[in-house]
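Chain residues, written in single-letter form:
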Amino acid sequence: MTKPNPFRYFKTSREIIRLAVMLYVRFPLSLRNVEGLLHERGIDVSHEAVRYRWHRFGPMFASEIPKRRIEGMKSSRWRWHLDEMFVKINGEQRYLWRAVDHEGEVLESFVTKTRDKKAALKFLKKAMRKHCCAEVFVTDLLRSYGAALKEIGTARRQESGRWLNNRAENSHLPFRRREREMLRFRRMRSLQKFAAVHASVYNHFNQERRLSTRTNFKLNRAAALAEWRGFGAA
DNA sequence: TTGCTCCACCGGGGTGATAC
DNA sequence: GTATCACCCCGGTGGAGCAA
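Residues numbered from 1 in each chain as written. Chains lettered and ligands numbered in written order. Predicted model: local features only at pLDDT ≥ 70, side-chain atom pairs only at ≥ 80, totals over all residues. Heavy atoms only, no water.

Novice: Before we go on, may I ask you to explain the pattern of salt bridges in this structure?
Specialist: Where charged atoms from two side chains of opposite charge come close, those side chains can pair. Summed over the entire model, instances satisfying the criterion amount to three salt bridges. Between E84 and R115 there is a salt bridge whose closest N-O contact spans 3.0 Å. On the criterion of sequence distance, the pair formed by E84 in strand β1 (residues 79-89) and R115 in the loop between β3 (106-112) and α4 (117-131) is long-range, its members being 31 residues apart. Between E151 and K117 there is a salt bridge, and its shortest N-O distance comes to 2.8 Å. Residue E151 is found in helix α5 (residues 143-152), and its partner K117 is found in helix α4; the two are separated by 34 residues along the sequence. (Salt bridge = Lys/Arg side-chain N within 4 Å of Asp/Glu carboxyl O. Helix = DSSP H or I, 4+ residues; strand = E, 2+ residues; numbered from the N terminus.)

Novice: Sorry if this is basic, but what is going on with the sheet that holds strand β2 (residues 92-101) here?
Specialist: Whether parallel or antiparallel, the strands of a sheet pair through hydrogen bonds between backbone atoms. Strand order in the open sheet made by the five strands is β3-β2-β1-β4-β5, with mixed pairing throughout. For this open sheet the edge positions go to β3 and β5 (158-160), each flanked by a neighbour on one side alone. Within this sheet the neighbouring strands show an average axis-to-axis angle of 25 degrees, counted without direction. Examined bridge by bridge, β1 and strand β4 (residues 136-139) share three bridges and lie parallel to one another. Paired with W80 across the bridge in β4 is F137. Helix-sheet contacts for α4 involve β1, β2, β3 and β4, and the interaxial angle to β3 is about 150 degrees. (Pairing = 2+ DSSP bridges. Axes fitted to C-alpha atoms, helices over the stretch in contact; angles between N-to-C directions. Contact = heavy atoms within 4.5 Å.)

Novice: How do you make sense of the side chain of H47 when you look at a structure like this?
Specialist: Tracing the chain through its elements places H47 in helix α3 (residues 47-69). Assessed through its relative accessible area of 15%, H47 is described here as buried. (Buried < 20%, exposed > 50% of the residue type's maximum accessible area, 1.4 Å probe, protein only.)

Novice: For this particular structure, what's the right way to read α5?
Specialist: Within α5, the full set of buried residues consists of S144, Y145, A148 and L149. For α5, the arc enclosing every buried residue in end-on projection is 125 degrees, short of the 170-degree limit, so these residues lie on one face. Away from the buried face of α5 by more than 90 degrees, exposed residues R143 and K150 are located. A positive backbone phi angle near 95 degrees is found at G153, which sits one or two residues after α5. (Arc of directions from axis to C-beta.)

Novice: Help me understand the pairing of β4 in this model?
Specialist: Walk down a regular strand and you will see the side chains alternate between the two sheet faces. Burial along β4 is two-sided: V136 and V138 and F137 and T139, pointing in opposite directions, are all buried. Here three bridges tie β4 to β5, and the two strands are oriented parallel to one another. Note that in β5 the partner of F137 across the bridge is Q158. Between the parallel elements β4 and β5, the chain passes through α5 in a crossover that is right-handed. (Right-handed = clockwise from strand over helix to strand, strands pointing away.)

Novice: I tried to follow the packing of aromatic side chains on my own but got confused; where do I start?
Specialist: One pair of aromatic rings is described through two measures. These are the centre distance and the angle between the planes. If you walk through the whole model with that rule in mind, you get nine aromatic pairs. Measuring from ring centre to ring centre gives 5.9 Å for F57 and F61, while their planes differ by 20 degrees; the resulting arrangement is stacked. Taken together, the positions of F57 and F61, both in helix α3 and four residues apart, correspond to about one turn of that helix. Note on F57: relative accessible area 0%, which makes it buried. Among the aromatic residues, those joined into a ring-pair cluster are F57, F61, F205 and W228. A cation sits over an aromatic face here: R26 above F205, 4.1 Å from the ring centre. (Phe/Tyr/Trp six-rings, centres within 6.5 Å; stacked < 30°, edge-to-face > 60°. Lys NZ or Arg CZ within 6 Å of the ring centre and 35° of its normal.)

This is the structure:
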């Protein structure tokens, strides 16, 4: 049985939907910014429609990215950097746990209410289910990591130190920039959704520019964009 | 049935006015 | 010069209702 076309019923073309979702997730733009940019290109869409489309297709596009990228990267994911960041939702503190590999690729994002062993365990299990297991877990000095890794039986693979997981700390920056532009999240559900999609899209377009020549950078960028334009085509 | 728009709401950030 | 406050702007969000 074939899957129904997800773009059926939509009045606008799938190219425009892909463009709207990419603009909103990839760049630090608000829904209204995207509305304005599309209007500049002669596309009339309300910010609510952009929201509707990103909610509908963001996770779908994001789920296609790992399928294409993970296979070639599993062997290189030997070192995970784990860190958690504070995010306010309606004035209440929540925690966004993130796992980053040694190349800066975001492996997993997970939102919790607490920052204890239980939350760390949940996060680690989720990440390991998806990406198998790392040889080394680099963490900060938060004791929840040690307790959770001990329970999983991988405590000996932990390396912790105040400055050791700077890579994970740095990976928060694009998300922080984005969060600032959005002013705030109002629901844990929307934070979880946005964090997951943002990580996938960031990985997809992140070219590690400093490591390649201008020519290679342009080729990789074009390839990423071409790939993006193929999402949702099946 | 579904996509989309309109409208209203809540809340954080920025800014200018005012008091000290 | 600095701190405080009120106000406005702009962000995401939810629900009702319309149109295809």
